[in-house]
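# Results of the structural survey
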Amino acid sequence: DVKVTQSSRYLVKRTGEKVFLECVQDMDHENMFWYRQDPGLGLRLIYFSYDVKMKEKGDIPEGYSVSREKKERFSLILESASTNQTSMYLCASRGGSIVGYTFGSGTRLTVV
Amino acid sequence: AQSVTQPDIHITVSEGASLELRCNYSYGATPYLFWYVQSPGQGLQLLLKYFSGDTLVQGIKGFEAEFKRSQSSFNLRKPSVHWSDAAEYFCAVDPHTDKLIFGTGTRLQVFP
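Now for a quick tour of the structure. Position labels on residues start from 1 in each chain and follow its written sequence. The lettering of chains begins at A and the numbering of ligands begins at 1, in the order of writing. Since the coordinates come from a predicted model, pLDDT governs what is reported: local features require at least 70, and pairs of side-chain atoms require 80 or more to be given and counted, while whole-chain, interface and lining totals use all residues. Side-chain calculation: all heavy atoms of the structure are included, whereas hydrogens and water are not.

### A word on the state of the cysteines
By definition, a disulfide links the sulfur atoms of two cysteine residues through a covalent bond. Residue and element names in this part refer to chain B. Applicable threshold: A pair of cysteine sulfur atoms is labelled a disulfide when the two atoms are within 2.5 Å. Each helix corresponds to a stretch of at least 4 residues labelled H or I by DSSP, and each strand to a stretch of at least 2 residues labelled E; elements are numbered beginning at the N terminus. The cut-offs for exposure are 20% and 50% of the maximum accessible area for each residue type, with area from a 1.4 Å probe on protein chains only; residues under the lower value are buried, those over the upper are exposed, and the others partly exposed.
Taken as a whole and assessed by the stated rule, the structure comprises two disulfides over all chains. In this model Cys 23 forms its disulfide with Cys 91; the gap between the sulfur atoms is 1.9 Å. When the S-S torsion is -65°, as for the bridge of Cys 23 with Cys 91, the disulfide is left-handed. Residue Cys 23 is located in the loop between β3 (19–21) and β4 (24–26), and its partner Cys 91 is located in strand β10 (residues 87–94); the two are separated by 68 residues in the primary sequence. Among the residues examined, Cys 91 registers a relative accessible area of 0% and is labelled buried.

Here you go:
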């Protein structure tokens, strides 16, 4: 089974800090995704990547950036964390086949 | 506008009762269709998916979903709900753009 690992389950950061959320997948998938989950809003796509060094904006990219230097790793970066970025962040990956979108367990980020 | 709609924010059923969770989409061509479940504090688990063919799809945990092209719907059903089914359920579509778009979710509460 594909495994998608998010390095932190819970994070607490201060306003203005630069925050890195890390995601690693172990099945050589081309496509990786970062979502944000908020009550009543479902999951919203922040950024996605089709390949190394490739990135595309999703629906809510403002305040975020991403990095994909290696195929297995997709990092979400909050350049200057703000309280409205307090949320659950979910990473996913997908291979060439449509069959498998696999999600990580999520990182709950609190910005104080 | 293209969207995925889950009209029921919160549903309460008694254990043993039948369940139907609604999902409608508005995309020109039939997208790939998915249902995910998220238990409290957990990541997303795929229940079932529809790509083509038989419009009645069987999934895990006794769930099934029916694709109705004429109604642009993909409703999730279970004939007899168990207390362990209490969770949040998300409908999602991939409109052939290599990314997954989610509805806002339906929270299911089960009474004994």
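Further notes follow.
### Details of the pairing of strand β12 (residues 107–111) of chain A
Residues and elements named next belong to chain A. Operational definition: A pair of strands is treated as paired once DSSP finds two or more bridges between them.
Here β12 shows a buried face lined by Thr 107, Leu 109 and Val 111 and an unburied face lined by Arg 108 and Thr 110. Pairing geometry for strand β2 (residues 10–13) and β12, over four bridges, is parallel. In the sheet register, Leu 11 faces β12, and the bridge partner there is Leu 109. With three bridges joining them, strand β10 (residues 87–94) and β12 adopt antiparallel strand pairing. The residue bridging Tyr 89 from the neighbouring strand is Thr 107, located in β12.

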